[in-house]
Amino acid sequence: MIDSLYEFFSFTDPNVNYVLAGTVLLGISAGALGCFAVLRRRALVGDAVAHAVLPGVCLAFIVVGDKNPFALLLGALIFGWLGIIVMDYIIQNSKISPDASIGMVLSVFFGFGVLLLTFIQSSGNVNQSGLDAFLFGKAASMVPLDVIVFGTLSVLIIICIILTFKELKLVSFDIGYAQAIGYPVKKIEFLIATLMVMTITVGLQAVGVVLMASMLIIPAAAARFWTTSLAYMVIIASVVGAFSGVAGSFVSYLAPAMPTGPWIVLAALSAFLFSFMFAPKKGEIARFIIHQKNKKNVNDENILKTMFLLEEADERKQRGRSIGEILKRRRMYPSTAKKGLNRLVRQNLVEKYAGQPDLYMLTDKGRKRGQRIVRVHRLWELYLTDQVQIAGDHVHDDAESMEHLITPEIEAQLTKVLENPLIDPHKSKIPES
Amino acid sequence: MLPPIEVHDLTLAYNKKPVLWDIDFDLAESKLIAVIGPNGAGKSTLIKAIMGLVQPASGHVLIYGKPLDKQREKIAYVPQRESVDWDFPINVLDLVIMGRYSHLKLFRRPGKEDLKIARDALEKVGMLPFEKRQISQLSGGQQQRVFLARALAQEAQIYLMDEPFSGVDAATESAILELLKELRSAGKTVMVVHHDLQTVAEYFDWVLMLNLRMVAYGPNKEVFNNENLQKTYGGRLNILTQVVELTKEKDFVREPGHD
């Protein structure tokens, strides 16, 4: 395994290099174009087109008699386009919804393709060996001429995407506006569709028609986690695509009899799962950490608030409060309260009272924070009863969660609309800000 | 003087269902014009037809006396906010620069001058501090202001806005209103689909009242009255509605004009 890895990446075998170049270029073009398909919510159209090219490929083979890449390309382009036209025609001229139309084209064209494939296989043509690779892909079956033809096509697709990036971006984001400022929207959509059919054709041998859509969709979906910029998204998707291509050719090198499509998909999927888990901000782990942090923050604010309420009740600031006293006022797990108090001591919002280990007291800074939470809570309750006309006994729970969310700007607005109020709906004094 | 927009006998059909009948008016120059009418009256459709987004069954539109295709750079369009996906991976400045695309040849990238105009437009709507923000992180009112900034960046003569006041906060509402007044002082013509009858008289100079057909069009003082409001909003037009229903059942063939 290690030896093979070394041989593979030493780039000494020209055949391997050809296949590798082909799959990497495919990965880049499919990854980049896939971003637009995904953002325009046309991912399933890609799947349908991928399946629809199969009969074109088979017919090309029947007419020419061998796997000439130009003939296959022409056949795939014609049938890919035919699929798109049929889908659009059904959607525009009937009450059949887009998903039904996509499903029909996908299955009918693919069924016809499988029929032709069976016919070719039973015809006894010696050149037909490897034609079934078009179903699930076989990177190793690519000969240098295939790589030159499809590689050139990939480069062409990539250049097209770079040149028309601005147009693709606008049409994908706001097609109505693009039309309103006089963009040739029909032509751009035609270009996108053509690029899609071309990409799918390029992927025929390495990935196969059944799984080709995943090369358009998965890299784009993975890239979405890492960035909020379209340009970066396209670049990241291309990298993921290229990585999947390399993985596919490597598997094909190790086990030439194995279909490569599933392996390419698995490689793309691993990139997706990695993004799904580890991407900053949008990944599951990052989101979990943020959620935990928020929970701690809410908990700490509740302790500060409770301590402020205790002071408010007995009007004594210089008094140590035990955890028991705090828990009597507000229910929480004793362990959570203890941890929260320790955090607050570290942040200098709470201090130990007269050096005693189990008695706590607010610092000036902590008292301010607690006071603000109480103020926002009561302002919000007053706003709900006064302006939104919600009954006074229904507003407390809502205020419990809003008190941690309301920003100083909204607090200022509340103060203004309520005309600097002093008393909340439950007759408690609203503390100053 | 040619009017900013001339609409001639415009009839529109969606999937062969007529939604606007024989609309005919000349837009007044340098005015704020409200388009009002009940839901389904065809207000948005009228704007879309002027922008060439829907094909009329008959009639035509002229912009300063010429067909739209020759005058695109003179007219800016603000679509409804809900018409786009706000999770799209671009930031505020990217979105506003799209307003410059109408001045750029195909395949050309926006330059420094375009960037400056886009940022000026953001400044005018008070959104410059947010220029690097991802558009999904904007509030509804901020989204609307960014949409307006994109139209401003087009530096057009005429502005067509589809419900810019819908679902925005009070601060945005007054910011938009200020902007409309500024545009008027700069001699621009602004046509706004509006749904708040309370503010029509206060915000706008002229009003176009629409309900499948044009009920009234003119300066507020002359046409914005109870009688016309009654005609626009009160009850359905019995016979016209029936005919519309009829055209849905049967194939609607609009004969070409005979003039």
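This is a predicted model, so every value here is computed, not measured.

J.: How would you summarise the overall build of chain A if you had to cite specific residues and measurements?
T.: Secondary structure assignment for chain A yields 19 helices and three strands. Relative to the compact-globule value of 22 Å for 433 residues, chain A shows a C-alpha radius of gyration of 32 Å, a clear excess of over 25%. Projected onto its principal axes, the C-alpha coordinates of chain A cover approximately 95 × 60 × 35 Å. Evaluated residue by residue, chain A yields a buried proportion of 44% over its 433 residues. For chain A, the proportion of contacts with a sequence separation of at least 24, taken over those separated by at least 6, is 70%.

J.: Describe the interface of chain A and chain B, with residues and values.
T.: It is common to report an interface's size as the accessible area lost on association of the parts. In this complex, chain A contributes 19 residues to the contact, which on the side of chain B involves 19 residues. For the side of chain A that touches chain B, the elements supplying multiple residues, two or more each, are α8 (165-173), α9 (175-180) and α12 (230-254) of chain A. Of the residues assigned to the side of chain A that touches chain B, the class counts are nine nonpolar, seven polar and three charged.

J.: Please provide a residue-by-residue account of the nonpolar core, values included.
T.: Among the nonpolar cores identified, the biggest contains 176 residues, and B:Ile33, B:Val96 and B:Leu160 are the most heavily contacted of them. With near-sequence residues (within four places) excluded, B:Ile33 lies in contact with B:Leu27, B:Ala28, B:Val190, B:Met191, B:Val192, B:Phe204, B:Asp205, B:Trp206, B:Val207 and B:Leu208. Counting residues in each nonpolar core, the second largest holds 25 residues, with A:Ile303, A:Met307, A:Leu362 and A:Val374 among its members.

J.: Lay out the sheet that holds strand β3 (residues 359-362) of chain A with the relevant residues and their values.
T.: Residues and elements named next belong to chain A. The three strands lie next to each other as β1-β3-β2, forming an open sheet whose pairing is antiparallel. Since the sheet does not close on itself, it has two edges, and those belong to β1 (321-322) and β2 (350-352), each with one partner. Where β2 lies against β3, three bridges are found, and the strand directions are antiparallel. Bridged to Lys-352 within β3 is Tyr-360.

J.: Help me get a handle on helix α17 (residues 364-386) of chain A, residues and values and all.
T.: Given a rise of 1.5 Å per residue, 23 residues ought to cover 33 Å, and the 32 Å separating the end C-alpha atoms of α17(A) matches this to within 8%. In terms of burial, α17(A) is a largely internal element, 17 of the 23 residues being buried.

J.: Kindly report on the pairing of strand β9 (residues 206-211) of chain B, identifying the contributing residues and their values.
T.: Residue and element names in this part refer to chain B. The element β9 is largely enclosed, with a buried count of six among its six residues. Burial along β9 is two-sided: the face carrying Trp-206, Leu-208 and Leu-210 and the face carrying Val-207, Met-209 and Asn-211 are both buried. As judged from the four bridges shared by strand β3 (residues 32-36) and β9, these two strands associate in the parallel manner. Bridge pairing links Val-35 to Leu-208 in β9. Pairing of β9 with strand β10 (residues 213-219) involves six bridges; the strand directions are antiparallel. If you follow Leu-208 over to β10, its bridge partner there is Tyr-217. Taking the residues that link successive antiparallel strands as the turn, the β9-β10 hairpin has one residue, and the phi of Leu-212 there is positive, at about 65°.

J.: Talk me through unusual backbone geometry; I want residue IDs and the actual numbers.
T.: Residues and elements named next belong to chain B. Positive phi, close to 45°, is recorded for Asp-9, a residue that is not glycine. A tally of 14 C-beta atoms within 10 Å means that Asp-9 is categorised as partly exposed. We note that Ser-30 has phi near 55°; this positive angle belongs to a residue other than glycine. Checked against the element boundaries, Ser-30 lands in the loop between β2 (17-26) and β3. Residue classification places Ser-30 among the partly exposed residues on the basis of 15 C-beta atoms within 10 Å.

J.: Explain the packing of helix α2 (residues 14-39) of chain A against helix α11 (residues 212-223) of chain A residue by residue, including any values.
T.: Residues and elements named next belong to chain A. Look at α2 against α11: their axes get within 7 Å of each other, and the N-to-C directions meet at 80°. Judged by the inter-axis angle, α2 sits roughly perpendicular to α11. Every residue of α11 that contacts α2 at Ala-30, Gly-31, Leu-33, Gly-34, Cys-35, Ala-37 and Val-38 is listed here: Met-215, Leu-216, Ile-217, Pro-219, Ala-220, Ala-221 and Ala-223. Tallied by class, the residues present in the contact of α2 with α11 amount to 12 nonpolar, two polar and no charged.

J.: Tell me what's going on with the packing of helix α14 (residues 284-314) of chain A against α17(A), and back it up with residues and numbers.
T.: Residue and element names in this part refer to chain A. The contact between α14 and α17 brings their axes to 8 Å, and the two run at 90°. Taken as axis vectors, α14 and α17 run roughly perpendicular relative to one another. Between α14, through Glu-301, Leu-304, Lys-305, Met-307, Phe-308 and Leu-309, and α17, the contact on the second element is made entirely by Gly-366, Arg-367, Arg-369, Gly-370, Gln-371, Ile-373 and Val-374. Of the residues assigned to the contact of α14 with α17, the class counts are six nonpolar, three polar and four charged.

J.: Quick rundown of the confidence of the model for chain B? Include the residues and the values.
T.: The predicted model of chain B averages 89 in pLDDT, with 89% of residues at 70 or higher. Confidence metrics for the complex model read pTM 0.86 and ipTM 0.89.

J.: Explain the environment of A:Glu411 residue by residue, including any values.
T.: Residue and element names in this part refer to chain A. Looking at the secondary structure, you find Glu-411 in helix α19 (residues 408-417). Judged by local crowding, Glu-411 falls into the partly exposed class, with 16 C-beta atoms found within 10 Å. Separated by 164 residues in sequence, Glu-411 and Ala-247 have C-alpha atoms that sit 55 Å apart.

Thresholds, definitions, all that
Residues numbered from 1 in each chain as written. Chains lettered and ligands numbered in written order. Predicted model: local features only at pLDDT ≥ 70, side-chain atom pairs only at ≥ 80, totals over all residues. Helix = DSSP H or I, 4+ residues; strand = E, 2+ residues; numbered from the N terminus. Rg over C-alpha atoms; globule rule 2.2 N^0.38 Å. Buried ≥ 20, exposed ≤ 12 C-beta atoms within 10 Å, placed from the backbone. Contact = placed C-beta atoms within 7 Å. Nonpolar A, V, L, I, M, F, W, Y, C, P; charged D, E, K, R; others polar. Core = buried A, V, L, I, M, F, W, Y, C linked by C-beta atoms within 7 Å. Pairing = 2+ DSSP bridges. Expected span 1.5 Å × (residues − 1). Axes fitted to C-alpha atoms, helices over the stretch in contact; angles between N-to-C directions. Parallel < 35°, antiparallel > 145°, perpendicular 65-115°, else oblique. pLDDT = per-residue confidence, 0-100.

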